[in-house]
Structures are given as C-alpha cells and as structure tokens.
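Chains, contacts and geometry: an overview
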Amino acid sequence: DSNAVNGISYGAWTTYSSAISVTTDGNYALDYNSTDRAGNAETTNTVYVLLDKTSPTTTDNTPASWQTASFSITLTCSDGDTATATRSGCSTTKYRLDSGAWTTYSSAVSISTDANHVFDFNSTDVAGNREATTTKYALLDTVRPVTSWDGNNNTWKAFDANITLTCSDVTSGCSTTQYRLDSNA
C-alpha cells in the first residue's frame, strides 16, 4: 500500500466537500490540511476519531437451579477487542440483589441466605454505552423439608388407617414425598 506508514494503512487523500461520516466502531486517524489559492500548504494535522456505539456485554456464572450451600457469582465485562482499540473498553459493572441499591462490582458476590434472590446486573463502557440490565435468579435453600403425618404412632386402631403425609418447605418448596410400608415392624 503506497499510503502505508509504519505498518498502518491510510486511505487516499480526498478533496473535502462535505462532512466526513464515520459510522463504524473503531479508532481512526484523520489527517487533514488546506492549501490557499497562492499555493501555501498547511502542515498536516492529525486527530483521532474514537467511535464506540456498541454496548458492552456482561457474563455471569449464576447457577440455573437451586443450590444447597452458599455460593458466589462472578461477573465479567467484555467490550470488543480493546487490544486493537476497536471499542472503548469496560468502565464499570454494577449489580443489585433483591431490588436493593446498585453497587459497583469489584469481586464475586456471595449468596449465603436462603431465598429466591433476584440478581440484576449491567456494565457501562468508557464511551458511556450501558447494556440493558440482565436479571437472573440466585436460588439458595439450605434447610431440609419437613414431612408430617396425621396418624397416631404406636397406637392400635380398630378401623382402617388412611394416612396423609404433608410436606413443608418454605424456600424452594417440596418436590416429592416418598414412603414405604413395612408389615413386620
């Protein structure tokens, strides 16, 4: 490329006639100068046009199902290829738990209380683009369910026994209740 300098390819010189439109994310060097009618040429000026119209994305490791022990959620922001400066890079990541105050993310978020927690998060890049808020559910239930029955233990009956088992679990709810009946107790 005859317009390459230090390995960077520049476009051909074009006579200016209207606003220069830059519409694609990236880091652009704009060289410009003018020449007057007498033939005096201005020294070439260089400015950098930094364009980032794309929001960053944030990934998480929130478990998709109920957990039975405390766990942590890690958030990771990505904003394109910052090594080649095609985007501005991540600025801040924020989260909130159970509609609480927004908090700037700095380390893994610990989930240690039983509940169906609502976990919201988003990131903003250096250019000011903020991604749409993502909502996940952080599900923690460390307490075992309790099953009760409506019979009398170790008491002889003179009529048929119809036993009802009732499961109770205040956090995740009951999934199944099992039984076995041994006739030789």
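Provided above is the structure to which this section pertains.
Keep in mind it's a predicted model, so treat the numbers as computed, not measured. (Residues numbered from 1 in each chain as written. Predicted model: local features only at pLDDT ≥ 70, side-chain atom pairs only at ≥ 80, totals over all residues. Heavy atoms only, no water.)

Quick look at the state of the cysteines now. Across all of its chains, the model carries 2 disulfides by this definition. Disulfide pairing places cysteine 77 opposite cysteine 90 at an S-S distance of 2.1 Å. As the torsion about the S-S bond is roughly -85°, the cysteine 77-cysteine 90 disulfide counts as left-handed. Taken together, the residues cysteine 77 in strand S7 (residues 75-78) and cysteine 90 in strand S8 (residues 90-97) connect sequence positions 13 residues apart. Among the residues examined, cysteine 90 registers a relative accessible area of 32% and is labelled partly exposed. The partner cysteine of cysteine 167 in its disulfide is cysteine 174, sulfur to sulfur 1.9 Å. Across the S-S bond linking cysteine 167 and cysteine 174, the dihedral sits near -85°, which makes this disulfide left-handed. Residue cysteine 167 is classed as partly exposed on the basis of its relative accessible area of 22%. Within the protein chain, bonded cysteines paired by disulfides and numbered along the sequence follow the pattern 1-2, 3-4. (Disulfide = S-S within 2.5 Å. Helix = DSSP H or I, 4+ residues; strand = E, 2+ residues; numbered from the N terminus. Buried < 20%, exposed > 50% of the residue type's maximum accessible area, 1.4 Å probe, protein only.)

This part is about the sheet that holds strand S12 (residues 134-140). Taken in spatial order, the 4 strands of this open sheet run S9-S8-S11-S12, and their pairing is antiparallel. Each edge of the sheet is formed by a strand with only one pairing partner; in this case those strands are strand S9 (103-104) and S12. Here strand S11 (residues 115-125) runs beside S12; their pairing, made up of 7 bridges, is antiparallel. Within S12, the residue paired with phenylalanine 121 across the bridge is threonine 134. (Pairing = 2+ DSSP bridges.)

Turning next to the side chain of aspartate 169. Along the chain, aspartate 169 turns up in the segment after strand S14 (165-168). For the buried aspartate 169, which has no salt bridge, the nearest side chain bearing the opposite charge is arginine 144, at an N-O separation of 9.5 Å. Within the structure, the side chain of aspartate 169 is placed 3.1 Å from the backbone nitrogen of threonine 171, a separation counted as a polar contact. For aspartate 169, the side chain forms a polar contact with the main-chain nitrogen of glycine 173, separated by 3.2 Å. Discounting chain neighbours no more than four positions away, the residues touching aspartate 169 are Asp141, Val143, Arg144, Pro145 and Cys174. (Lys, Arg positive; Asp, Glu negative; His and termini not counted. Salt bridge = Lys/Arg side-chain N within 4 Å of Asp/Glu carboxyl O. Polar contact = N/O pair within 3.5 Å; in protein donor to acceptor, adjacent residues only side chain to side chain. Contact = heavy atoms within 4.5 Å.)

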